[in-house]
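Residue-level structure breakdown
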Amino acid sequence: MQYQSQSVAKPYFIAAIGLFIGQILFGLVMGLQYVMGDFLFPEIPFNVARMVHTNLLIVWLLFGFMGSAYFLVPEESERELFSPKLALLLFWIFLIAGALTILGYLLVPYATLADLTGNELLPTMGREFLEQPTITKIGIVIVALGFLFNIGMTILGGRKTVVNLVLLTGLLGLAVFFLFSFYNPVNVVDDKFYWWWVVHLWVEGVWELILGAILAFVLIKVTGVDREVIEKWLYVIIAMSLITGIIGTGHHYYWIGTPEYWQWWGSIFSAMEPIPFFMMTIFAFNMVNRRRRDHPNKAAVLWALGTAVMAFLGAGVWGFMHTLAPVNYYTHGTQITAAHGHMAFYGAYVMIVLTMISYAMPIMRGQKAANMRAQVMEMWSFWLMTVSMVFITLFLTGAGVLQTYLQRYTDDPLPFMVVQDKIEIFYWLREIAGVVFIIGLVLYVISFFVKGNEAKVVADTA
Amino acid sequence: MSEVFTKSMARNIYYGGSVFFIFLFLALTFDTSGKTPERDNHEAITAQVALGKQVWEENNCIGCHTLLGEGAYFAPELGNVYKRFGNSTDAIVGFIKSRPVEGVAGRRSMPQFHLSDEQLEAVAAFLKYVSEIDTAGWPPNIQG
């Protein structure tokens with residue numbers, strides 16, 4: 001580790017992995033509820049499980065992004081972090097606030113939580129992904145401001161690299177667009193319109209900057225390719241992300257009461273959204289092929305390549321599949337959307353955080369790379385999680401195609417619940433794939449504790 | 001990439017492209033905010049509808065259902081439920097009211113939310129208002 005203060009990333013990564021486990025457990029609960037409707041009813045109804053599943057995902061990815069920033073920024077800036085103490089303080093605030101919010105979801109009815117936290121004063125709750133009580137949202141803003149201050153001061157006082165600045169822009173955008181979560185008009189069309197300014201402009205906008213910056217950093221480190229080359233790629237990729245993604249927001253404005261010209265804007269621009277992801281794939285493979293050193297951390301390289309491929313498949317291909325307005329007319333809000341959501345979030349954001357953890361964690365534990373046995377187990381977990389996510393996506397796609405046909409497309413459309421019964425087999429298969437995923441996740445956690453011949457790795461690097 | 005295409009060119013595309021498309025997006029947003037009132041059924045927004053939206057949100061209905069196709073995919077679309085239930089708010093009220101507390105063995109069941117009559121009427125009024133938004137002909141049929 002080049003700078004002592006980089007180690008504040010460690011608790012962030014540990015918390016991220018812990019919350020990740022929780023997210024997957026609740027995913028399995030929901031998967032089972034799809035086929036055994038009364039499972040855990042009425043104690044944990046589906047909506048509560050889903051809220052926990054999606055909110056844990058968001059929170060642990062934010063932990064992952066913040067941890068990545070704390071590790072990456074000092075090294076890029078060539079100085080210590082502005083305030084490691086602030087970083088640790090914010091860690092505990094965020095963790096405790098997050099835990100209390102999740103406990104609130106699980107322990108009291110949602111309406112009671114809304115009442116207890118004074119939702120009527122500034123109603124922001126009860127919208128998908130933004131279910132957090134208003135007070136939690138305010139807490140998120142405070143943590144984000146403190147975090148940006150800390151990171152910003154570090155960058156301002158140090159070397160400014162493209163990686164640093166792109167990361168900072170992405171994180172700044174993340175904080176700015178989150179402010180739209182406080183705007184909740186009664187008018188449903190307006191509500192939905194600006195709700196997407198948080199959700200879409202996060203995941204198909206500024207988060208791609210964060211993803212690009214972290215990927216570029218790891219590739220510089222593990223391949224030794226000239227920074228100039230990598231930074232040029234980074235600029236082109238994020239340029240394409242924003243050029244396509246900003247107007248691409250229009251693919252959410254087809255059927256919510258907004259003017260119909262959005263069907264054109266949304267279709268054309270979002271059809272180009274796979275381009276930056278495809279470039280990212282070319283970029284990652286190119287850099288690894290042109291590597292000037294063989295970094296001993298094979299697992300991190302695998303994660304980096306995996307991110308590029310899976311982000312392209314999940315966000316690019318599965319996004320394109322239902323983004324054109326005439327297709328989306330039939331698929332909107334079906335299991336097709338769920339299929340895309342799963343592989344896109346895993347491929348782009350879960351995997352980039354795991355890439356960074358894979359690269360940084362051994363360094364923070366005083367090694368250049370984990371021992372080979374640990375790496376082999378980590379690579380097993382990579383394949384188990386990634387392949388099972390491919391199958392989760394394929395099974396949900398199967399469910400979605402049938403649902404679209406039976407409920408939307410045929411001359412004699414069937415009611416929602418009748419269709420759900422008919423496609424049950426796909427939900428069972430998805431649940432089995434989910435069990436394989438959690439086995440992969442357990443192996444992933446174990447891989448941090450596998451002992452091996454540490455000396456050999458050091459010898460290889462020397 | 002060849003040396004003909006330099007890093008500063010890449011940077012300029014990033015800055016120029018982003019700024020241009022941010023402004024285009026803002027211009028489209030401005031235009032949209034002028035045109036949405038023709039379609040968004042805002043005339044129907046009453047104090048009761050506002051209460052209905054609050055009931056909708058504070059019981060996390062979106063955690064199972066979709067509304068105009070957005071939300072969770074565990075339970076039926078509700079953007080057109082007013083029409084599916086025969087243009088009847090009473091039918092909506094009756095359905096929500098009649099959910100069994102302990103659920104239905106082996107089946108998905110909507111929780112019993114113990115809403116007051118005022119809240120029930122309000123949420124039904126809210127769903128009626130949403131069903132009358134001009135959504136460009138979506139959903140394709142009454143099943144949602």
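Source: prediction; values computed, not measured. (Residues numbered from 1 in each chain as written. Chains lettered and ligands numbered in written order. Predicted model: local features only at pLDDT ≥ 70, side-chain atom pairs only at ≥ 80, totals over all residues. Heavy atoms only, no water.)

Side note on the domain arrangement of chain A
Residue and element names in this part refer to chain A. Note the following rule: Domain start and stop positions are those given by an automatic or database domain assignment. Contacts are residue-level and defined by heavy atoms, with any inter-residue pair within 4.5 Å sufficient. Take the accessible area each of two parts loses on contact, using a 1.4 Å probe, and add the two losses: that sum is the buried area. The term salt bridge refers to a pairing of a side-chain nitrogen on Lys or Arg with a carboxyl oxygen on Asp or Glu at a separation within 4 Å. In DSSP terms, a helix is any run of H or I states spanning at least four residues, a strand is any run of E spanning at least two, and both are numbered starting from the N terminus.
Per the domain assignment, the segments of chain A are domain 1 (1–160) and domain 2 (217–453). The gap between the C-alpha centroids of domain 1 and domain 2 is 21 Å. Each partner contributes residues to the interface: domain 1 has 31 residues there, and domain 2 has 34 residues. Summing the contributions of domain 1 and of domain 2, the shared interface buries around 2800 Å²; its carbon and sulfur component is 80%. Interface area lost by domain 1 to domain 2 is led by Tyr 34, Val 35 and Phe 71, which between them contribute 20%. At the surface where domain 1 touches domain 2, the tally comes to two salt bridges. For Lys 221, the salt bridge identified is with Glu 75, shortest N-O distance 2.8 Å. Elements with a contribution of two residues or more to the side of domain 1 that touches domain 2: α1 (9–35) and α2 (46–77).

Observations concerning the pattern of salt bridges
Rule in force here: Burial status follows relative accessibility: with a 1.4 Å probe on protein chains alone, a residue under 20% of its type maximum counts as buried, one over 50% as exposed, and anything between as partly exposed.
Counted according to the given criterion, the structure contains 18 salt bridges over all chains. The residue A:Glu231 makes a salt bridge to B:Lys7 at a minimum N-O spacing of 2.5 Å. Pair noted here: A:Glu231 is in helix α8 (residues 227–248) and B:Lys7 is in helix α1 (residues 7–35), and the two residues belong to different chains. The buried category is assigned to A:Glu231, whose relative accessible area is 3%. The exposure class of B:Lys7 is buried, given its relative accessible area of 19%. B:Lys97 serves as the salt-bridge partner of B:Asp117, at 3.5 Å between the closest nitrogen and oxygen. With a gap of 20 residues between them, B:Asp117 in helix α5 (residues 117–131) and B:Lys97 in helix α4 (residues 89–97) connect regions that are remote in the sequence.

Description of the domain arrangement of chain B
For chain B, the assigned domains read domain 1 (1–36) and domain 2 (44–131). The straight-line distance from the C-alpha centre of domain 1 of chain B to that of domain 2 of chain B is 41 Å.

A word on the environment of B:Gly144
Tracing the backbone through its elements, the reader meets B:Gly144 in the segment after α5. Among residues more than four places away in sequence, those in contact with B:Gly144 are A:Gln407, A:Arg408, B:Glu77, B:Asn80, B:Arg84 and B:Pro139.

Regarding helix α6 (residues 162–178) of chain A
The following threshold applies: Expected helix span is given by 1.5 Å per residue-to-residue step, counting one fewer step than there are residues.
Taking 1.5 Å of rise per residue, the 17 residues of α6(A) would be expected to cover 24 Å, and the 24 Å separating its terminal C-alpha atoms lies within 8% of that figure. Burial analysis of α6(A) places twelve of its 17 residues in the buried class, which makes it a mostly covered element. Within α6(A), the full set of buried residues consists of A:Val162, A:Val163, A:Asn164, A:Val166, A:Leu167, A:Leu168, A:Gly170, A:Leu171, A:Gly173, A:Leu174, A:Ala175 and A:Phe178. Buried positions along α6(A) lie against α2, α5 (134–156), α7 (188–223) and α8 of chain A together with α1 of chain B.

A short note on the packing of aromatic side chains
Counted only if it meets this: Pairing of aromatic side chains here covers Phe, Tyr and the six-membered ring of Trp, requires ring centres within 6.5 Å, and sorts the geometry by plane angle: under 30 degrees stacked, over 60 edge-to-face, intermediate tilted. In this scheme, the term charge over a ring applies when either NZ of a lysine or CZ of an arginine sits within 6 Å of the ring centre and within 35 degrees of the ring normal.
As enumerated under the stated definition, the model contains 62 aromatic pairs over all chains in all. Ring geometry for A:Phe46 and B:Phe74: centres 3.8 Å apart, planes at 0 degrees, overall stacked. Residue A:Phe46 is located in helix α2, and its partner B:Phe74 is located in the loop between β2 (70–71) and α3 (81–84); the two belong to separate chains. Its relative accessible area of 7% is what places B:Phe74 among the buried residues. An angle of 15 degrees between the planes, with centres 6.1 Å apart, marks the rings of A:Phe129 and A:Trp195 as stacked. One end of the pair, A:Phe129, is in the loop between α4 (110–116) and α5; the other, A:Trp195, is in helix α7, with 66 residues separating them in the sequence. Ring-pair connections join several aromatic residues into one group, and the members of that group are A:Phe177, A:Phe180, A:Tyr183, A:Phe193, A:Tyr194, A:Trp197, A:Tyr253, A:Tyr261, A:Trp262 and B:Phe25. The positively charged end of A:Arg50 is found above the aromatic ring belonging to B:Tyr73, 5.9 Å away from the centroid. Here the basic side chain of B:Arg99 rests over the ring of B:Phe95, its NZ or CZ set 3.8 Å away from the ring centre.

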